[in-house]
Amino acid sequence: MMLLIALLLVIGLAGLAYLVARARAGRMIVAAGGKFGAVHSRPVYHGAYVAVLALAPALIVLAGWGIFGERVVVSQVMSALPAAQQPVDALDRAALMNEVRGLVAGDLPQAFNPLAPVLAPIYANAVSNGDMLAGALAVALLLGGGLWGYSRIRPDFRARTAVEAQVQAVLLLASVVAILTTFGIVLSLIFESIRFFGMVSPIEFLTGLQWSPQTALRADQVGASGSFGAVPLFWGTIFIGAIIAMLVAIPLGLLSAIYLTQYAAPSLRRWLKPVLELLAGVPTVVYGFFAALTIAPLVRQLAVALGMVNASADSALAAGLVMGIMIIPFVSSMADDALTAVPRAMRDGSLAMGATMSETVKKVMVPAALPGIVGGILLAVSRAIGETMIVVMAAGLAANLTANPFDSVTTVTTQIVALLTGDQEFDSPKTLSAFALGLVLFCMTLVLNIYALAVVKRYREAYD
Amino acid sequence: MATIAAPPAAVPQERQPTDWASRDMQARIAARYRAERNFRRMGAGALLVAAGFLAFLLFTIVRDGWTGFLRTEARVEVMFDAATLGVDPATVRGPDGQAVLARADYIALMNQAAEQLGPASDTLSDAAWLALRDRLMADPTLLGRTEVLWVPVRSGIDLLAKGKYDLDAPVESRGISDREVSDWRWLEGEGRLRTVFNQAFIGNADSTEPELAGIGGAALGSLFTLLVTILIAFPLGVLSAAWLEEFAPRGRLAEIIELSINNLAAVPSIIFGLLGLAFFLNYAGLPRSSPLVGGITLALMIMPVIVIASRVAIQAVPPSIRDAALGIGASPIQVVFQHVVPLALPGIMTGTIIGIARALGETAPLLLIGMRAFVTDTPQGIAAPATVLPMQVFLWSDDVQRGFVEKTSAAIIVLLIILIAMNSVAIYLRNRFERRW
Amino acid sequence: MNTTPAIGHNNVPKMTARDVHVYYGQTHAIKGVSIDVSSEHVTAFIGPSGCGKSTFLRCLNRMNDTVDSARVEGRIELDGQDIYAPAMDVVQLRARVGMVFQKPNPFPKSIYENVAYGPRIHGLARSKADMDAVVESALRRAGLWDEVKDRLETSGTAMSGGQQQRLCIARAIAVDPEVILMDEPCSALDPIATARIEELIDELRGRYAIVIVTHNMQQAARVSQKTAFFHLGTLVEYDDTPAIFTNPQQTRTKDYITGRYG
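Residues numbered from 1 in each chain as written. Chains lettered and ligands numbered in written order. Predicted model: local features only at pLDDT ≥ 70, side-chain atom pairs only at ≥ 80, totals over all residues.

Asker: Just checking my understanding: could you explain the overall build of chain B for this structure?
Answerer: Along chain B, the regular secondary structure elements total 19 helices and three strands. Here chain B has a C-alpha radius of gyration of 33 Å; the compact-globule value for 437 residues is 22 Å, and the former is much larger. C-alpha extents for chain B along the principal axes are approximately 125 × 75 × 40 Å. Here the contacts in chain B between residues at least 6 apart in sequence split such that 76% fall between residues at least 24 apart. (Helix = DSSP H or I, 4+ residues; strand = E, 2+ residues; numbered from the N terminus. Rg over C-alpha atoms; globule rule 2.2 N^0.38 Å. Contact = placed C-beta atoms within 7 Å.)

Asker: Explanation requested: the overall build of chain C in the structure shown.
Answerer: Helix and strand counts for chain C come out as ten helices and ten strands. Whereas a compact globule of 262 residues would reach a radius of gyration of roughly 18 Å, chain C reaches 18 Å, a difference of no more than 12%. If one aligns the C-alpha atoms of chain C with their principal axes, the spans along those axes are about 55 × 45 × 40 Å. Counting every position in chain C, which comprises 262 residues, the buried fraction comes to 47%. (Buried ≥ 20, exposed ≤ 12 C-beta atoms within 10 Å, placed from the backbone.)

Asker: How should I be thinking about the environment of Gln112(B) in this particular structure?
Answerer: Note on placement: Gln112(B) falls in helix 5 (residues 106–114). Taking C-alpha positions, Gln112(B) is 8.3 Å from Thr84(B), a pair spaced 28 residues apart along the chain.

Asker: Whenever I open this one, the domain arrangement of chain B confuses me. Can you help?
Answerer: One frequently used descriptor of interface size is the decrease in accessible area upon assembly of the parts. As assigned here, chain B comprises domain 1 (89–196) and domain 2 (216–433). Using C-alpha coordinates to define each centre, domain 1 of chain B is positioned 44 Å away from domain 2 of chain B. (Domains from an automatic or database assignment.)

Asker: Help me out: how do you make sense of the nonpolar core in this one?
Answerer: A general feature of soluble globular proteins is that nonpolar side chains tend to end up buried together. By size, the foremost hydrophobic cluster in this structure holds 297 residues, and its most contacted members are Ala291(A), Ala319(A), Val322(A), Val331(A) and Ala394(A). The biggest single contributor to this core is helix 7 (residues 231–263) of chain A, with 18 residues. Excluding its chain neighbours within four sequence positions, the residues that come into contact with Val322(A) are Tyr287(A), Phe290(A), Ala291(A), Ile295(A), Ile390(A) and Ala394(A). The next biggest cluster of nonpolar side chains, apart from the first, holds 30 residues, and it includes Ala104(B), Trp129(B), Val151(B) and Ala161(B). (Core = buried A, V, L, I, M, F, W, Y, C linked by C-beta atoms within 7 Å.)

Asker: Just to check I follow, could you spell out the sheet that holds strand 1 (residues 70–79) of chain B for this structure?
Answerer: Strand pairing in a sheet relies on backbone hydrogen bonds. The paired strands run either parallel or antiparallel. Residues and elements named next belong to chain B. As summarised here, the arrangement of the three strands in space is 2-1-3, forming an open sheet in which the pairing is antiparallel. Of all strands in the sheet, those bounded by a partner on one side alone are strand 2 (146–152) and strand 3 (193–197). Taken pair by pair, the neighbouring strands of this sheet meet at an average axis angle of 40°, ignoring direction. For strand 1 and strand 3, the ladder comprises five bridges, and the chain directions are antiparallel. (Pairing = 2+ DSSP bridges. Axes fitted to C-alpha atoms, helices over the stretch in contact; angles between N-to-C directions.)

Asker: Explanation requested: the pairing of strand 6 (residues 97–100) of chain C in the structure shown.
Answerer: Regular strands have side chains that alternate between both faces of the sheet. All names here are of chain C. Residues of strand 6 alternate between two faces, with Val 97 and Met 99 on one and Gly 98 and Val 100 on the opposite face, all of them buried. Strand direction decides the pairing type here: strand 6 and strand 7 (residues 179–183), joined by four bridges, are parallel. Considered in strand 7, the bridge of Met 99 is made with Leu 181.

Asker: Could you clarify how one ought to interpret the interface of chain A and chain B in this entry?
Answerer: Facing the 67 residues of chain A at the interface are 68 residues of chain B. In terms of residue count, the dominant contributor to the side of chain A that touches chain B is helix 5 (residues 159–199) of chain A (19 residues).

Asker: Looking at this structure, how should I read the interface of chain A and chain C?
Answerer: Facing 15 residues of chain A, the contacting portion of chain C comprises 20 residues. If you list the elements that add at least two residues to the side of chain A that touches chain C, you get helix 11 (344–351) and helix 12 (357–385) of chain A. Counting residues per element, the side of chain A that touches chain C draws most heavily on helix 11 of chain A, at five residues.

Asker: Help me understand the environment of Ile76(C) in this model?
Answerer: All names here are of chain C. With respect to the helices, strands and loops of the structure, Ile 76 is situated in strand 4 (residues 70–78). Overall, the presence of 24 C-beta atoms within 10 Å leaves Ile 76 in the buried class. Here the alpha-carbon distance between Ile 76 and Val 20, two residues 56 residues apart in the chain, equals 7.6 Å. Ignoring any residue separated from it by four or fewer positions in sequence, one finds Ile 76 in contact with Met 15, Ala 17, Val 20, Cys 59, Leu 60, Ile 83 and Tyr 84.

Asker: What should I look at first to understand unusual backbone geometry in this one?
Answerer: Comment: phi is negative for the bulk of residues other than glycine, and the bulk of peptide bonds are trans. The phi angle at Ser289(B) is positive, at roughly 65°, despite the residue not being glycine. Along the chain, Ser289(B) falls in the loop between helix 13 (269–283) and helix 14 (291–316). Backbone geometry at Arg62(C) places phi at a positive 55°, although glycine is not the residue there. Tracing the backbone shows Arg62(C) in the loop between helix 1 (53–60) and strand 4. Looking at Arg62(C), the number of C-beta atoms within 10 Å reads 19, which means it is partly exposed.

Asker: How should I be thinking about the packing of helix 7 of chain A against helix 1 (residues 23–65) of chain B in this particular structure?
Answerer: Helices that pack against each other are described as a pair by the angle of their axes relative to one another and the distance between those axes. Where helix 7 of chain A meets helix 1 of chain B, the axes come as close as 8 Å, and the angle between the chain directions of the two elements is 115°. Considering the relative orientation of helix 7 of chain A and helix 1 of chain B, their crossing is left-handed. Across from Pro251(A), Leu252(A), Leu255(A), Ser256(A), Ile258(A), Tyr259(A) and Tyr263(A) in helix 7 of chain A, the residues of helix 1 of chain B making contact are Arg40(B), Met42(B), Gly43(B), Ala44(B), Ala46(B), Leu47(B), Val49(B) and Ala50(B). A per-class count over the contact of helix 7 of chain A with helix 1 of chain B returns twelve nonpolar, two polar and one charged. (Left-handed = near helix turned anticlockwise from the far one by under 90°. Nonpolar A, V, L, I, M, F, W, Y, C, P; charged D, E, K, R; others polar.)

Asker: It is not clear to me how the environment of Ala165(A) should be interpreted in this structure. Could you clarify?
Answerer: Along the chain, the position of Ala165(A) falls in helix 5. Between the C-alpha atoms of Ala165(A) and Phe406(A), which are 241 residues apart in sequence, the distance is 62 Å.

Asker: Even after reading the chapter, I still don't get helix 13 of chain B, so can you show me in this structure?
Answerer: An α-helical turn contains 3.6 residues, so any two residues separated by three or four positions project in the same direction. All names here are of chain B. Compared with the 21 Å implied by 1.5 Å per residue over 15 residues, the 20 Å span of helix 13 between its first and last C-alpha is a close match. Judged by how many residues are buried, helix 13 sits mostly within the fold: 13 of 15 residues are covered. Looking one or two residues past helix 13, Gly 285 carries a phi angle of roughly 65°, positive in sign. (Expected span 1.5 Å × (residues − 1).)

Asker: Sorry if this is basic, but what is going on with the packing of helix 2 (residues 43–79) of chain A against helix 4 (residues 115–151) of chain A here?
Answerer: Residues and elements named next belong to chain A. Taken N-terminus to C-terminus, the directions of helix 2 and helix 4 make an angle of 160°; their axes are 8 Å apart at the nearest point. By the angle between their axes, helix 2 is roughly antiparallel relative to helix 4. As for the relative orientation of helix 2 and helix 4, their crossing is right-handed in sense. (Parallel < 35°, antiparallel > 145°, perpendicular 65-115°, else oblique.)

Asker: For this particular structure, what's the right way to read the sheet that holds strand 5 (residues 81–82) of chain C?
Answerer: Residues and elements named next belong to chain C. The four strands lie next to each other as 2-1-4-5, forming an open sheet whose pairing is antiparallel. Whereas interior strands pair on both sides, the edge strands pair on one side only; in this sheet they are strand 2 (27–37) and strand 5. Sheet analysis places strand 4 next to strand 5, joined by two bridges and oriented antiparallel. Paired with Leu 78 across the bridge in strand 5 is Gln 81. Docked against the sheet, helix 1 engages strand 1 (15–24), strand 2 and strand 4, running at close to 120° with respect to strand 1.

This is the structure we're talking about:
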């Protein structure tokens, strides 16, 4: 963990810089006679200024090495091989490098590839050299920055202002991380998807009805079908998340919200609302386990009782039911907010005409709150189609285009997990298809979220 | 009084006054009240269904899992025979005694001791010899002597002792063989069984045998991962919120950042897993399956939650506080970090704890970065392969061995207890420290 | 139950209240108010803000039932029947005793649907033609028909404040009430719209028993024949309007009328 040591060293040195600069500033104040205003900023600020100037470039170097270092080392190691022995493709190169790393780390007792033991010492060298170089560069920049900052210490130097600007820059950087993350997500999804669409046509992907992503490892391998028509996956996602789960969540969520806002006594509402929120707090893996262990067998018994002979253990209904219950708080919370926002005068106006509470709710309040309720439903759908664990554990892997809820279907999220776990080389169409699926999922949820928020926003403006 | 409106041109035919007493009207009113009652009942019913489901879920988990905290052990008399162990008593007393003892043949010793169980000699756990080793290494003077020890039994016997099998069911569907049932009965008859608190469950890492599997490894892995998550997400979240609320100029940049954060908050968690895989594992080559990568991925996922909660908390601090501080001559940075943020801290902490609770329960993104591997050692650090609690639940749930149902449920109990504790702390903080301005 | 026509006999009061007390939690808001409301006159409740006139008004159609912390004691009768008795159906009561609120609160529906809402839920129209007639009649009586007859499908909220309030009055009329309670109906309107409403009240007088709460004494003097002065939850004085305004008996009434406070 050279990186960790380097990091600690750099931070320690920066701390030292801080102390030195602060001391210098302190002496400066004494020399100026100690009058208020003689020196612009307190020593603390001088110290902090120098420390930040020293620390920042060093941290950048270390972070850069941490992120990009591995690639540099790998290319160095590969270049040590004569052209004839270079790995044929990325797949082979990755396997070779894995073995090299394993040897160096001591995990691997014996390597298959004869090149690996040759490269192992080269790799170890390259890594340690790189680490030392990076560390040295970081320290050099630290000293450079520190010295430059130190030279600027003067009585009229506006250290405090400079430090404030530095702090604001840090705040801005922290905020920019959000943009970087979004970019990162979009870029990695698009990048890998483009590679995928280079191997499989987007038309086939988006409209094809056959999903069996077995690609050949060798051209002559038996069973090299590999069709990537993702429509059964889209259907499975919608069937479980947007249809079955919503059939459960919308009535239960809406009715709960109506009861809590219009009928329940305030004391009852105060502790019933948190109980509903509890449903959202249970980890999805727990729901998945419950769905697989308890609900799915019950659904299967029901299917058998209804006369279905080959009822499968995994069913869309089991996953959808449990997912629906999990989604209830999302629907009921937004519906609750929407109903509470309806002006009381409207409710009173209806009641004063002799309408019952149920008539008032059904004919006046729900129509008035409808945009907010719809927004909540859209957000809930978005959550449901992005859900992974429940469907992984209770729905199946069979890409089935069926309308029978007792059948097993698979979803986009299940397939992403299935394609990326297990021993897969990274560049095959099989694993890349997971990114294409991820891209579709991202776009679907993005559109739903933007639309839902727009609906809710327009509705809020109407009542303000 | 000035007349503004002209009187209506034609007066429509006079309506008959409503006869509220008529049969029809009364029936209609009664029907409306019935509809009202039904509607109200449906609302209460919906709540009952939701609460009932939760109760059912918790009930089955606890019913299946509470026995996971217990373990059945069998009593054996062990003669710590130096010959069977293949050690020389002299070297044991020497300076390398512990090392010698560590390498002794405890499996043979266990087999020898198991013979005293007669027909039930196969009922002990495969790793029961570990108990012998631990005992002897703790007290080397036992060499050559006999002692009564309690050692763990196989999962099948363990479950029988806890009453987990329906013994009236036919053998094919029962899940346990007649042989094991009779072995168990024999042990019971001899008074050789006891069921005690299962320390191994808390302390051990994962194992292929249910009776030995524990959540210790996963719990430590969760701890490391969450540590990395907090260290990254908390500063990022609070600083971002501070910038957006206090310093951001009205403009494109602030809008884009806000949009990014709101969108990220609604992105499915598995997408973060894809990001982690593509960027942190494949591009940057960070160690697979490690709490470091898991922590970074989860941090990116919960950061928007912290930002949003912190923004709300910071917004709630009234402008008068800021004005007062500025009036004394505090700089904007000092106002924010010495006045606003401390006052907003309860709300920020509540949001953070809720975010951490969510990170604790997440599985999907970690599946993709490889924390699915079967990890039998407790993790050595944040860069070593590890697994986390919800992942352990997932892995065990897949296992066909019956004993793992109990273990999975027990692990869920632990997970839920931790989450309840976290949320209670969050609620306590909110109620105790939140100011109503 | 007797079917009493909306236009009542001369001397029998439409609604009577005897010794009514109202509590909001611990607060004693209305203290022992007794009053008769005639079906032939417009009765005005006046008094300074917070004196309880709106609270008392809301007792007459049991709208205080919708406030959790409110408790009503005493006896209030409509045509001799105790409206708080278990046998009294509150849904029916509120159709017979209509209410117009301070801030116009039309439903976010079309003008037609706003007016048709009440008759629809009570089942007062047998056919579409019937309902059309009911809606037209109510809108005419509220003086709104000519302005909206060509745009009955447009939203009830897309009108001026005065028009919205007249819509609310039409909505209340559509269920054929016997009493109309008005809680400061003009306080959110401009003077011209106010004058329209006052005209309307005058036209409706006699057809319905009208009780109007107002903080505007001149308005009370203009539209009402009987006036009740409330102060701090008690009914201080109740008399013919001219008498109250020219020759009040109670000192408090005199002080309020002459503007000493309020």
